[in-house]
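The lines below spell out each chain.
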Amino acid sequence: MTMSTHRDSPKKTVRTNTCGELTVSNIDQEVEICGWVSKRRDHGGVIFIDLRDRYGMTQVVLDPSDPQVKEAHEKAHQVRLEYVLWCKGKVRRRPEGMGNPKITTGEIELFCTDVEVLSAAKTPPFQISDEQEISETLRLKYRYLDLRRPSLQKNIRTRHQLISAARRYLESHDFLEIETPILYKSTPEGARDFVVPSRLNPGDFYALPQSPQTLKQLLMISGFDRYYQIARCFRDEDLRADRQPEFSQIDIETSFIEEEEIFPLMEGMVSQIWKEVLGQEIETPFRQMHFQEAMERFGSDKPDIRFGVELQDLSSVFEKSEFRVFKTALMKSTSKNGNERRGSVRSVMLSGAAERYSRKDLDELQEWVGRYGAKGLLWIKVKEGGELQSPAAKFFTEEEKAELQAKLALQTGDLVFMVADPNDTVVFDALGALRLVLGKKEGLIPKHHEGKPAFLWVTHFPLLEYDSEAGRFAARHHPFTRPRAEHAQDLLDGKNLEKVEAAAYDLVLNGVELAGGSLRIYDMETQEAMFRALNISPEEAEEKFGFFLEALQYGTPPHGGVAFGVERFAAILSGVDAIRDVMAFPKTQRGQCLMAGTPSSVAPEQLVEVGMTLSSSALKARKEAALGAAKNSSKISEKRIEKNNEEVKS
Ligand code: AMO
Ligand code: AMP
């Protein structure tokens, strides 16, 4: 088959209009459009082509009964899905009853008199359509085709609008956009670093920034009192639906500012974004909640406050219980750092759900909370007449039963779940997760687009977190976060460290952590006390952050900032669950790009240049991976696709 392409007729590659804009106001106009063949139907000689581009779809009609269409019609015969065409013709109204009210161009069609095939296409591995369920592995392998689908086109546009609105807002508030290096030094945000070997300095490495944290603080020291950047961040951590190894932040830092001013400034930005992208006003100021309250009521530092099923503390009810599970949890013990602590017994309740949950359902839920460290999940069903049915019923005294009834205002049909543990964190994590699962099962959690968005500032975070395995404190946010003024002395004195609260805040939207930030330490004394609390020796601090500590001593303004996760924000605005769906080229859970096949090996010379050799275990692992890949050959087998798909989705 010979086909004329743009090489034969170089001029026919331009368009007068896009595929998404022609309406009845263009009727009788002579136009030229370009796009991809989305559908081709042959109706007894008349050919209909749906031509698609970024802007929309236009129906192109080729009617062979018209002598001037004959040549174009013949060309259209050879056209297949995803060919790129140039079409010229007259806009006309679609016949009565043939309109498509779902699209802007639905009332018109292009009566085509001239066609050029600008580019032929191989048969695509899947149909470019939102209607079909396509394996995600396949989608990611052919991402450039996947991105042609209208839904992804929309998500990518939404992401652009988000960034563009943020830029405009920040610029109108005197912020300067300043780029910071990618090849840099470790910036601790709690994940592992990605490292890059240096050819010019063999044996030395750059680390890709987990965030531009120290750099933006240095810019404050330089006097750029309002900075922002759409910053690429790199974190080598376990990936999930809301985490990618590289992602973007709207990264912000300001000087001479307190929490009370940062909140309205950021609420202004979020409002502008919401209005520009979704055309909706949102209510400000946003609600605020202390970390402790969020944990006690919702078992989470990023609570979805759109539904109830709140946690209740039952420790006082079971204070004197002889039931082993409760007794162990409530016993006083001394933790490694010498502090006395006691766990708790807490619950969540579903009203009137008792009959809907079978033994099997309850067992499954118990297994689920096990993932969060809970050693069990106790349930109570309130039967007719107030009788409590539970695996632990025989351990409940009459007094405990009465207190429980009163505390939870129990009624027939209620279903209570309890977790007890000597470590409060386990109880919160398990019940917080259970609350979400139950909320989902019970249909209590609206989609992001339904109803009002629930914004919430979570404040008063602990500054430090005790890592009992490592036997020391870690920074809950990062080591540059300032303690709240009322706790500053305790940090300096190294006293009551677990109670020291941070001037840190997260912005939560519908249970998603959208942004995090803090006011920063701006004096050496506090910074040194922080390193002491973190058990970082002066030598280690010097090696890791010497440059930063030096800078801190040359006139550092009080400053603070925040960073929004672009993908998480865009995902909510787009109404999708996974941030992969708002990224042009995302990675799988194993950190791979299925399209380009990254990460991949480098030539031995490249390793030599940077002074490196692969260890025997790395070589072995690579060989095994290569063998696995060869077995599956270049074509991905269906089974593999399915397996990868599960991996990608989980
Ligand atoms: P933090 O680590 O809380 O703070 O990150 C800020 C926001 O970035 C997003 N985010 C991610 N998005 C996708 N994939 C990931 N792996 C990922 N990790 C984080 C989240 C999060 O709220 N430098 C500090 C900010 C500051 O103190 O100003 C920081 O990076 O939406
Ligand atoms: P066991 O004696 O371990 O079989 O537990 C008796 C009941 O208590 C079972 O229903 C367990 O699910 C429950 N259970 C055990 N440990 C806990 C715990 N830490 N919190 C809540 N329930 C528990």
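What counts, and where the lines are drawn
Numbering of residues begins from 1 in every chain and follows the order in which that chain's sequence is written. Naming scheme: in the order in which they are written, chains are lettered from A and ligands are numbered from 1. Local features in this predicted model are restricted to residues of pLDDT 70 or higher, and side-chain atom pairs are both shown and tallied only at a pLDDT of 80 or more, whereas totals for entire chains, interfaces and linings draw on every residue. Side-chain calculation: all heavy atoms of the structure are included, whereas hydrogens and water are not. Helical segments are the DSSP runs of H or I of at least four residues, strand segments are the runs of E of at least two, and each set is numbered from the N terminus. Whether two residues are in contact is decided by their heavy atoms: any pair within 4.5 Å suffices. All accessible areas in this document rest on Shrake-Rupley with a 1.4 Å probe, and a residue is counted as covered only by the protein chains that are shown. Note: two strands are recorded as paired if DSSP finds a minimum of 2 bridges between them. To get an axis, fit a line to the C-alpha atoms, keeping to the stretch in contact for a helix; angles then go from 0 to 180 degrees between the N-to-C directions. A simple rule labels every residue: compare its accessible area, found with a 1.4 Å probe on the protein chains alone, to the largest value its type can have, and call it buried under 20%, exposed over 50%, or partly exposed in between. Counted as a polar contact is a pair of N or O atoms within 3.5 Å, where, for protein atoms, one must be capable of donating a hydrogen and the other of accepting one, and residues adjacent in sequence contribute only when both atoms are in side chains. The scheme is simple: roughly parallel for angles under 35 degrees, roughly antiparallel for over 145, roughly perpendicular for 65 to 115, oblique for anything else. Each crossing is labelled by how the near helix is turned from the far one, with a counterclockwise turn of less than a right angle marking it left-handed and a clockwise turn marking it right-handed. Charged means Asp, Glu, Lys or Arg here, nonpolar means Ala, Val, Leu, Ile, Met, Phe, Trp, Tyr, Cys or Pro, and polar covers whatever is left, Gly included. Think of it this way: one heavy atom of a residue within 4 Å of a molecule or strand is enough to make that residue near it. Nonpolar side chains (Val, Leu, Ile, Met, Phe, Trp, Tyr) are joined into patches within 5 Å and like charges within 9 Å, using only residues with over 30% relative accessible area and no salt bridge. By salt bridge we mean one thing: a side-chain nitrogen of Lys or Arg within 4 Å of a carboxyl oxygen of Asp or Glu. pLDDT gives the predictor's per-residue confidence on a scale running from 0 to 100. Grouping buried Ala, Val, Leu, Ile, Met, Phe, Trp, Tyr and Cys residues that are joined through side-chain atoms within 4.5 Å yields what is termed a nonpolar core.

Concerning the overall build of the chain
Here is step 1: Each helix and strand in the chain was counted, giving 18 helices and 24 strands.
Here is step 2: Along the first, second and third principal axes, the C-alpha atoms of the chain reach 95 × 75 × 55 Å.
Here is step 3: Long-range contacts, defined as pairs at least 24 residues apart, comprise 69% of the intrachain contacts of the chain with a sequence gap of at least 6.
Here is step 4: Put simply, the chain shows about 33300 Å² of open surface, and 50% of that area lies on carbon and sulfur atoms.

Examining the sheet that holds strand β5 (residues 108-119)
Within a beta sheet, neighbouring strands are joined by backbone hydrogen bonds and run either parallel or antiparallel to one another.
Here is step 1: The strand order β1-β2-β3-β5-β4 describes a closed barrel built from five strands, whose pairing is mixed. Sheet twist, expressed as the mean angle between neighbouring strand axes with direction ignored, is 55°.
Here is step 2: The pairing of strand β2 (residues 46-53) with strand β3 (residues 56-62) spans seven bridges and is classified as antiparallel. Each bridged residue has a counterpart across the sheet, and for F48 the counterpart in β3 is V61.

Focus on the pairing of strand β9 (residues 226-234)
Here is step 1: The buried fraction of β9 amounts to seven of the nine residues, a majority that puts the element mostly inside the structure.
Here is step 2: Of the pairings in the sheet, the one linking strand β6 (residues 176-177) to β9 comprises two bridges and is parallel in character. When the bridges of β9 are listed, L176 appears paired with Y227.
Here is step 3: Sheet analysis places β9 next to strand β10 (residues 246-255), joined by nine bridges and oriented antiparallel. By the bridge assignment for β10, I230 is matched with I250.

Structural notes on helix α13 (residues 524-533)
Here is step 1: For α13, the tally of buried residues reaches seven of 10 residues, placing the bulk of the element in the interior.
Here is step 2: Of the positions making up α13, those classed as buried are M524, T526, Q527, A529, M530, F531 and A533.
Here is step 3: Where the residues of α13 are buried, they touch β20 (464-467), β21 (472-475), α12 (488-493) and α14 (538-552).
Here is step 4: Just downstream of α13, N535 is the residue with a positive phi angle, here 65°.

Digging into the side chain of S344
Here is step 1: Mapped onto the elements, S344 comes out in strand β15 (residues 344-350).
Here is step 2: Looking at S344, its side chain comes within polar contact range of the side chain of D424, at 2.3 Å.
Here is step 3: Discounting residues that sit within four places of it in the chain, S344 has contacts with D313, S315, A329, L330, V419, A420, D421, D424 and V427.

Details of the packing of α13 against α14
Here is step 1: With their axes 11 Å apart at the nearest point, α13 and α14 run at an angle of 165° to one another. The angle between the axes of α13 and α14 places the two elements in the roughly antiparallel class. Note on packing geometry: the crossing formed by α13 with α14 is right-handed. For the pair α13 and α14, contact is made by M524, Q527 and F531 and by A541, F545, F548, L549 and L552, respectively.
Here is step 2: Residue classes in the contact of α13 with α14 are distributed as seven nonpolar, one polar and no charged.

Notes on the site of ligand 1
Here is step 1: Residues in contact with ligand 1 amount to 25 residues; listed here are only the nearest, E189, Q213, K216, E513 and R520.
Here is step 2: Here a nitrogen atom of ligand 1 and a side-chain polar atom of Q213 are 2.6 Å apart.
Here is step 3: Between ligand 1 and the protein, one listed contact pairs an oxygen atom with a side-chain N or O atom of R520 at 2.7 Å.
Here is step 4: In the complex, the protein chains occlude 95% of the 630 Å² of accessible area that ligand 1 would expose alone.

Focus: the site of ligand 2
Here is step 1: The full set of residues close to ligand 2 is F323, R324, V325, Q366, K375, G376, L377, L378, P391, M418, V419 and A420.
Here is step 2: Within the backbone of L377, an N or O atom sits 3.4 Å from an oxygen atom of ligand 2.
Here is step 3: The separation between a nitrogen atom of ligand 2 and a polar main-chain atom of A420 is 2.5 Å.
Here is step 4: In isolation ligand 2 offers 470 Å² of accessible surface; the protein chains occlude 69% of this area.

A word on the pairing of β20
Here is step 1: With four bridges connecting them, β20 and β21 associate as antiparallel partners. Counterpart to D467 in the pairing with β21 is R472.

Focus on the packing of helix α4 (residues 150-172) against helix α6 (residues 259-278)
Here is step 1: Contact geometry of α4 with α6 gives a least axis separation of 9 Å together with a crossing angle of 140°. When the interaxial angle is binned, α4 and α6 end up oblique. In terms of crossing hand, the pair formed by α4 and α6 is right-handed. Facing T158, Q161, L162, A165, A166, R168, Y169 and L170 of α4, the residues of α6 in contact are P264, L265, G268, M269, Q272, I273, E276 and V277.
Here is step 2: A class-by-class count of the residues in the contact of α4 with α6 yields 10 nonpolar, four polar and two charged.

Some remarks on a nonpolar patch on the surface
Here is step 1: Together, Y144, F585 and M595 give the surface a local cluster of nonpolar side chains, amounting to about 300 Å² of exposed area.
Here is step 2: Judged by its relative accessible area of 48%, F585 falls in the partly exposed class.

A closer look at the sheet that holds strand β16 (residues 378-382)
Here is step 1: Spatial ordering of the open sheet is given by β12-β15-β18-β16-β17, a layout of five strands whose pairing is antiparallel. The strands lining the two open edges of the sheet, one partner per strand, are β12 (312-313) and β17 (388-389).
Here is step 2: Where β16 meets β17, two bridges bridge the pair, whose relative direction is antiparallel. Among the inter-strand pairings, K381 is bridged to a residue of β17, identified as Q389.

What to know about the confidence of the model for the chain
Low pLDDT means the predicted coordinates in that region are not meant to be read closely.
Here is step 1: Considering every residue of the chain, the mean pLDDT works out to 92; 94% of them sit at 70 or more.
Here is step 2: Predicted confidence is poor over residues 1-7, with pLDDT under 50, and the contacts of this stretch with residues over four places away or in other chains come to 15 contacts.
Here is step 3: Counting contacts from residues 633-637, a segment whose pLDDT is below 50, to residues more than four positions away or on other chains yields three contacts.

Thoughts on the nonpolar core
Here is step 1: Counting residues in each nonpolar core, the largest one holds 62 residues, and the members touching the most others are F417 and L434.
Here is step 2: If you tally residues by element for this core, the top one is helix α11 (residues 424-441), at seven residues.
Here is step 3: Ignoring any residue separated from it by four or fewer positions in sequence, one finds F417 in contact with R346, S347, V348, L362, L365, L377, L378, W379, L431, L434 and L438.
Here is step 4: Core analysis: the next-biggest nonpolar cluster, separate from the first, contains 43 residues, L170, V277, L507 and A515 among them.

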